[in-house]
Structures are given as structure tokens and as C-alpha cells.
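Below are the chains, spelled out letter by letter.
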Amino acid sequence: MQSVRVAFVVSELTPYAKTGGLADVGEALSRALAELGHDVRVFVPLYDTIDRDGLSIEKRFETEAFDLWEGTLPRSKVPVYFVDCPRFFSRGSLYTNDPDEPLRFALFCHAVVQSCQRLVFAPQIFHLNDWQTSLVPVLLETTYAWDRLFEGAKTVLTIHNLGYQGVFGAEAIERMDIPDSSHFDEHDRGAGVVNLLKTGISHADHLTTVSPTYAREIQTEEQGFGLDGLLRHRSGRLTGILNGVDYGEWDPENDEHIPYRYSAETIRLKKQNKVKLLQELGLASSSPDADPPLIGMVSRLSAQKGIELLPRALPDFLARHDSSLAVLGTGERAYEEFFSMLEKRFPGRVRFYRGFNNRLAHWIEAGADMFLMPSRYEPCGLNQMYSLRYGTVPVVRKTGGLADSVQQFDPATGEGHGIVFEHYTASGVQWGLERAIELYGDTASWDRMVQNAMACDFSWAGPAARYSDIYRELLIH
Ligand code: ADP
Ligand code: GLC
């Protein structure tokens, strides 16, 4: 098999810097590509939130604008290059609303290309992810077009979330150090803005997104966030590939973050994780014999995630059913306030942990009976796939990757492994939860569904092979 040299460029990367699924995909996909024999090197900013003491990295070189450090991705030989520029990346968080936000990631994109030059690394593929890296195709066509090192190099842009496009004032163009503004959308420039994701979508050789359903959805006006026309125009170059799961990290059989490890055969131990989690979170059972279901949620609390539906769904549901709820998340204040209110209203039954906590994320996956994802839209979603492996029944809205990874359980045939509701409404959520409760009460069906869930295989080998095919096809033409 032909090995391809890949520069994998991403703004977050597990285990160093993470706000959501992008980081997990960055790590697992680059590792899986390397396992297929490709020469993959990952580029990521060296944020000040990364614990440098715990990092084993070496400085490769210094330039006036940035330093480059090299480390190795855990459980692999994949080199990780950290772009060190404290002026831009010491802000206490990965993303900011600071006026120089476009310049921070423009610097990152320049640094990636310049690092390849300094390392004499000639990527055949620049694999880019989201708006933060979307400037690279234009840079290769302009600033660095002279460099033979990049002759024949192709660009692949993966869209993880069309809801974040990197739209800034057009004055950023000059400050991003690009010689020719004609590479940016004329209409936008006229309106005084620059849209970095759009620029990437127009210029990349190939586009992918993280599920087949989302690839279709973003070509519609409802889900296209204003870019559906452009995406339809480029649809021949757009592929939807469902993300995988890193089972080295997310498998209850060898999960170091949970108190009791278990597998499909030792599923009774899942219950012990639940009991301990309930204790840890101060959630009590209504009676010692009853075992009411625990619903889990781990989520960025943003509009995308459908939290707005919950005020009209959850209080009523909790009032009617003996059940409890554990929520881990942080984000928009109104959503945080809602969960705090819910916790007060249902003491001992609802626990809201505000913040980011990887250990608790794993533990909720292991301890909850069901996992709620009522997303308005979901490009892929990883938690529903993690839930399946943990035997935690996902209750999801039928959209994007949720629709592609969760199959409705049918008690008549015993097939399926989750609960899927169609409508983006409070009654849709209620229907999903009611259905879950009903099945929870039917032990034979529930056990069957849990076993089906745990048998699902979303390992990265399949998706990585699809990316690999795209690389090769691009390099032939
Ligand atoms: P998105 O990328 O849109 O946030 P995904 O489902 O793809 O959604 O990925 C979310 C990832 O972030 C999962 O690994 C999830 O466990 C993690 N995560 C989200 N919120 C938190 C949190 N508050 N604490 C710990 N992990 C979190
Ligand atoms: C984005 C999406 C999420 C997806 C993740 C990784 O953050 O919101 O659905 O799973 O990227 O591709």
C-alpha cells in the first residue's frame, strides 16, 4: 500500500487541549491513519492551558514569529508539532472573542506551512479541520506558491461543525499577511466581512464532513448556515464519513477513569458504577429496593445541543417518573442556570456538575442507564457512540451522525440499540424519554438492547481507510 505524507492540522487535540469532539477525532484519526502506514504529522497550537510540565517535548527551532516543539502522540509514533507563540496562544482558553482571533489562527496556518519548510517535510496532503485551519489552501496558492516543496500537494478540509465559520471584519485580510484579497469571497468583502470556513470550502481540493447524513443536511437551506449553495456547488467533492471511537480510551473493559471495569459478559458490574456515581453526586434512590433509571448528559451547553427544549420537557418528566439525572457541562449561561434551577427543584434527583471533567465524563458513561442527546443538529456526535460501548442506551434526536449511528430498538424483533426521536420539540424529547422508561421496565427488552449496543463496532480502522482512499484518489488526479 502506498504511504502518503500527511500534515494533519487541527486546533485541538486529545490529550493536550480539548473543548469537544474535534480533539478526540484529531488524536484518534491521525493515529489510525499512521496505523495504515501513512507518514502523519500533527500540528496544533501550544496553548497556555496545556500542562507543559507533563509534556515530553523538544524544541525543534525558533523563528521571529513562533517556536516549534515536537512531541509524540500517546500510544503511537506520530510526531506532534506544537506551534508556540505566547502572544497569541496564552489566553487561558483555546478560543476567544478577542479582536485578534482571526490573526491567532492565521499565524497558526502560516506556522504550519513554514514549519514544513524548515523541517523539509513535503506533505502530499494537508488535512485541515474547521475554520481555524481553513486558510492553508489559500496560503499554498499565494504566499507559498513559489515553493517547489509543496508542488502537487493537495488539501482536504474536514467540516466538523458548520455552525462555527470564523467570520470577521474584512480588515483582517490584510493583517493575515495574504498578498491578494481576491481569494476571499467578493460579496463578503463588499459587506465588510471575511468568512474563513467559506474560504476553505471554496479552495480545498476535497471536503469531508463527519457523517453521511450531515453531508446531506448541510446542502439544505435549513442546515446550511448560509453556505448550502456553495456546498451544493461543491457536492461532487464532498464526502460524509462517520467518525469512529477510540476504544483505547473509551471502553469500559479497560477504562482507568471508572471504579469498576466491565464488559458485555460482566455487565452486572455496570450497576456498581451507577451506585457509586449516585453516591458521589449525592443522588439518592427513592427506596433501597427500587432501581430507578439514571439519565446522563455530557455536553457543551450550546444552542446546537438542543438544551432549549429541556425546560418544557424535563421538569414534567421528572415529576412523573421515578428517575434521576446527572448532567456534566459548561457553556451558555441560560442553560447552566436552567440545570442549576432543576437541581434545586429536584433535590437528590438532579445533579448538575458545571465544568469540564474528563473523569466524570467517563464515569457518567459507565454509571448512567441512558444518555440524552436532543441535538438541534449534530455533525457526528461521539457521546452516543461512547454510550453504546458502555451499554448506556442513547436517547437521541434523528439528525446528523446521531441518525447514522443509533438504530431504533424494536422489541418485536429484538433489533436495534437505542431510542431515536424525530421531532425537534419538547414533546419529541418527552416521547424519547417515555419510551426509554417503558423499555427500562421491560427487563428482557432492556437487557437485549444493552447487549446489542455493546456489540456495535465503530472503530477507526474503517473511517481511516475511507480518508486514505480520498488521499490516494486526489494524488492520482
Ligand atoms: P461536540 O464536539 O459538538 O462537543 P461530541 O459529541 O463530538 O460533541 O464530543 C464531545 C466530547 O467532549 C466528548 O468526548 C465528551 O465526553 C466531551 N465533553 C463535552 N463536555 C464535557 C465536559 N463538560 N467535561 C468533560 N468532557 C466533555
Ligand atoms: C463537532 C461536532 C460533533 C462532532 C465533532 C467531531 O464538534 O459538533 O458533532 O462529533 O465535531 O467531529
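Residues numbered from 1 in each chain as written. Chains lettered and ligands numbered in written order. Predicted model: local features only at pLDDT ≥ 70, side-chain atom pairs only at ≥ 80, totals over all residues. Heavy atoms only, no water.

1. A look at the overall build of the chain
When its secondary structure is counted, the chain shows 18 helices and 17 strands. Expected size for 477 residues packed as a compact globule is a radius of gyration near 23 Å; at 23 Å, the chain falls within 12% of this value. Seen through its principal axes, the chain has C-alpha atoms that stretch 75 × 45 × 40 Å. In the chain, which comprises 477 residues, the share counted as buried stands at 60%. Within the chain, contacts between residues separated by at least 24 positions form 73% of all contacts whose residues are at least 6 apart in sequence. Only carbon and sulfur atoms are counted for the fraction: they give 47% of the accessible area of the chain, which is about 19,200 Å². Side-chain charges in the chain split into 47 positive and 64 negative, and the spacing between the mean points of these groups amounts to 1 Å. (Helix = DSSP H or I, 4+ residues; strand = E, 2+ residues; numbered from the N terminus. Rg over C-alpha atoms; globule rule 2.2 N^0.38 Å. Buried < 20%, exposed > 50% of the residue type's maximum accessible area, 1.4 Å probe, protein only. Contact = heavy atoms within 4.5 Å. Areas by Shrake-Rupley, 256 points an atom, 1.4 Å probe, with all protein chains shown as cover. Lys, Arg positive; Asp, Glu negative; His and termini not counted. Charge placed at Lys NZ, Arg CZ, Asp CG, Glu CD.)

2. A word on the site of ligand 1
Taken together, 22 residues are adjacent to ligand 1, and Gly 21, Arg 300, Lys 305, Gly 355 and Leu 382 come closest. A distance of 2.8 Å separates an oxygen atom of ligand 1 from a polar atom in the backbone of Leu 382. Take Asn 383: an N or O atom from its side chain is 3.4 Å from an oxygen atom of ligand 1. A total of 560 Å² of accessible area belongs to ligand 1 in isolation, and the protein chains cover 93% of it. (Near = heavy atom within 4 Å. Polar contact = N/O pair within 3.5 Å; in protein donor to acceptor, adjacent residues only side chain to side chain.)

3. Here's the deal with the sheet that holds strand β7 (residues 154-159)
The mixed open sheet is built from nine strands, whose spatial order is β3-β4-β5-β2-β1-β6-β7-β10-β11. Each having just a single partner strand, β3 (58-62) and β11 (238-240) make up the two edges of the open sheet. Strand-to-strand, the axes of this sheet are offset by a mean angle of 25 degrees, without reference to chain direction. The sheet contact formed by strand β1 (residues 5-9) and strand β6 (residues 125-129) spans four bridges and is parallel. The residue of β6 that forms the bridge with Phe 8 is His 127. Sitting on the sheet, helix α3 (residues 101-119) touches β1, β2 (39-45), β3, β4 (67-72), β5 (79-84) and β6, and the angle it makes with β2 is about 140 degrees. Strands β7 and β10 (206-209) of the sheet are contacted by helix α7 (residues 196-203), whose axis makes an angle of about 135 degrees with β7. (Pairing = 2+ DSSP bridges. Axes fitted to C-alpha atoms, helices over the stretch in contact; angles between N-to-C directions.)

4. Topic: the pairing of strand β16 (residues 393-397)
Taking burial as the measure, the five residues of β16 include five buried ones, the bulk of the element. Residues Val 393, Val 395 and Arg 397 point to one face of β16 and Pro 394 and Val 396 to the other, with burial holding for every one of them. Bridge count for strand β15 (residues 370-373) against β16 is four bridges, and the pairing is parallel. When the sheet's bridge partners are listed, Leu 372 is paired in β16 with Val 395. Note on the crossover from β15 through helix α14 (residues 383-389) to β16: the handedness is right-handed. Pairing geometry for β16 and strand β17 (residues 419-421), over three bridges, is parallel. If you follow Val 395 over to β17, its bridge partner there is Ile 419. In this region the chain leaves β16, passes through helix α15 (residues 400-405) and returns to the parallel neighbour β17; the handedness of that crossover is right-handed. (Right-handed = clockwise from strand over helix to strand, strands pointing away.)

5. Details of the site of ligand 2
Neighbouring ligand 2 are 14 residues; His 160, Asn 243, Gln 304, Glu 378 and Gly 381 lie closest to it. Compared with its free state, where it exposes 310 Å², ligand 2 has 93% of that area covered by protein. The greatest single-element share of the shell around ligand 2, amounting to three residues, is contributed by helix α1 (residues 21-35). The class makeup of the residues in the shell around ligand 2 is six nonpolar, six polar and two charged. Per-domain counts for the shell around ligand 2 show at least three residues from each of domain 1 (5-244 + 460-476) and domain 2 (268-454). (Nonpolar A, V, L, I, M, F, W, Y, C, P; charged D, E, K, R; others polar. Domains from an automatic or database assignment.)

6. Re the side chain of Glu 101
Following the sequence through the fold, Glu 101 ends up in helix α3. Taking the relative accessible area as the measure of exposure, Glu 101 reaches 4% and is therefore buried.

7. Some thoughts on the domain arrangement of the chain
Partitioning the chain into domains gives domain 1 (5-244 + 460-476) and domain 2 (268-454). Each of domain 1 and domain 2 has a C-alpha centre, and the two are 33 Å apart. Residue-level contacts link 20 residues of domain 1 with 17 residues of domain 2. Both faces considered, domain 1 and domain 2 share a buried interface measuring about 1,400 Å² in area, 56% of it formed by carbon and sulfur atoms. Viewed at the interface, domain 2 and domain 1 are joined by zero salt bridges. Secondary-structure elements contributing two or more residues to the side of domain 1 that touches domain 2 are α1 and α8 (212-217). The element contributing the most residues to the side of domain 1 that touches domain 2 is α8, with four residues. (Buried area = accessible area lost by both parts, 1.4 Å probe. Salt bridge = Lys/Arg side-chain N within 4 Å of Asp/Glu carboxyl O.)

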